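What follows is each chain in one-letter form.
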Amino acid sequence: MDLAKISATVLSHGGHPRDYVGDDRIPGPVMPILCVPTTAGTGSEVSAAAVLTDTENQIKVGILSNYLRPRAAVVDPLLTITCPPKVTADSGIDALTHAIEAYTAIDNAQFPLPAGERTIYQGKHPLGDLMAEKAIALIGRHLRRAVADGNDLDAREGMSLGATLAGLAFSNVGVAAVHALEYPVGGATHCSHGAGNGLLLPYVMRFNLPVREREFARIAELLGEDVRDLDERAAAERAVVAVERLRSDIGIPARAARTGSARKTSCAAWPRRLSASNASFEPIRVLSLWRIWRASFKLPIDVLPILCERYDMQWKSLKYTVKK
Ligand SMILES: [Zn+2]
């Protein structure tokens, strides 16, 4: 689907895919894009994003533009029946990450955007919350089953709807630190986007928990946790535990070293540091690793640092300015 989006862009406006990497760089409408997903995950069938790997520089890059939103999407769960368990797991946890990141993102009113920069993301808002909540509940209920038995049509249906709703949520609200960190991790380790996100998600949830207690408590409930006798903080923590349990049940590793083999790129030290830190991975270390990565990741693509700078700001704002 992302390849179709990029092909439509280059066929309509010429140039090289690299010319459009970043936010809102496509100058006008592209030829109509029709998307038919065969996994339940990326939400690309409704999103304004296309993610591709820059093989020269071994990094993943994103193109964001509302011109990339498909004209039509045909979401048929029957087309996901033959999706193998690992792809089902990786794409499913990606969809859950989209929904959780959208649900816990920075508020719309506080969305930080440096002067002169444009973005298609808007920050957390009520309509995004509606879609994200439904997506989290659907994915929580159906992902294990879809991985365990690919022919479970009820589970496939729940996942297809959940992933598309998550796509609608994140493509308007935004994704945050998990995705920002996954780009370099995925580029360096060649793990799938979903496995990288699944690996990072609980760490970032813990990091963001103090400023999003209410949302995480609700996520725990949506994931089927019994939080009736717990205070908000304890209920919120159950959300992280529930995601860790789900991740382990569907076979997503908890350590970077097991998601793929590290490549000799300029960021090859990153996955080693990540896995070395993993045993006693405190939330604050996510931020520390992030800073280490940012300082050491010097590649001749100017857009990635810009994207990351923005996510970093979003992250800091979450930490320092969002009131409980
Ligand atoms: Zn994603």
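Presented here is a report on the structure given in the accompanying data block. (Residues numbered from 1 in each chain as written. Predicted model: local features only at pLDDT ≥ 70, side-chain atom pairs only at ≥ 80, totals over all residues.)

Let us look at the nonpolar core. Ranked by internal contacts, the top residues of the largest apolar core, which has 81 residues, are Ala99, Ala135, Ile136, Ala169 and Ala239. When neighbours within four sequence positions are excluded, alanine 135 is seen to be in contact with Ala95, Ala99, Gly162, Leu165, Ala166 and Ala169. (Core = buried A, V, L, I, M, F, W, Y, C linked by C-beta atoms within 7 Å. Buried ≥ 20, exposed ≤ 12 C-beta atoms within 10 Å, placed from the backbone. Contact = placed C-beta atoms within 7 Å.)

This part covers the environment of threonine 97. Mapped onto the fold, threonine 97 is located in helix H2 (residues 85–103). Residue threonine 97 is classed as buried on the basis of its C-beta count, with 29 C-beta atoms lying within 10 Å. Sequence-wise, threonine 97 and methionine 205 are 108 residues apart; in three dimensions their C-alpha atoms are separated by 10.0 Å. Those residues within four positions of threonine 97 in sequence are excluded, and the remaining contacts are Val178, Asn197 and Leu201. (Helix = DSSP H or I, 4+ residues; strand = E, 2+ residues; numbered from the N terminus.)

Okay, the packing of helix H7 (residues 213–222) against helix H8 (residues 232–249) next. The N-to-C vectors of H7 and H8 enclose an angle of 55 degrees; their axes lie 7 Å apart at closest approach. Here H7 lies oblique to H8, going by the angle between them. The hand of the H7/H8 crossing is left-handed. The residues of H8 that touch H7, namely those facing Glu213, Arg214, Phe216, Ala217, Ile219 and Ala220, are Glu232, Arg233, Ala235, Ala236, Arg238, Ala239 and Ala242. Its residues placed into classes, the contact of H7 with H8 shows eight nonpolar, no polar and five charged. (Axes fitted to C-alpha atoms, helices over the stretch in contact; angles between N-to-C directions. Parallel < 35°, antiparallel > 145°, perpendicular 65-115°, else oblique. Left-handed = near helix turned anticlockwise from the far one by under 90°. Nonpolar A, V, L, I, M, F, W, Y, C, P; charged D, E, K, R; others polar.)

A separate point is the environment of glycine 251. Within the secondary structure, glycine 251 sits in the loop between H8 and helix H9 (269–278). Taking the C-alpha atoms as reference points, glycine 251 and proline 85, separated by 166 residues in sequence, lie 9.3 Å from one another.

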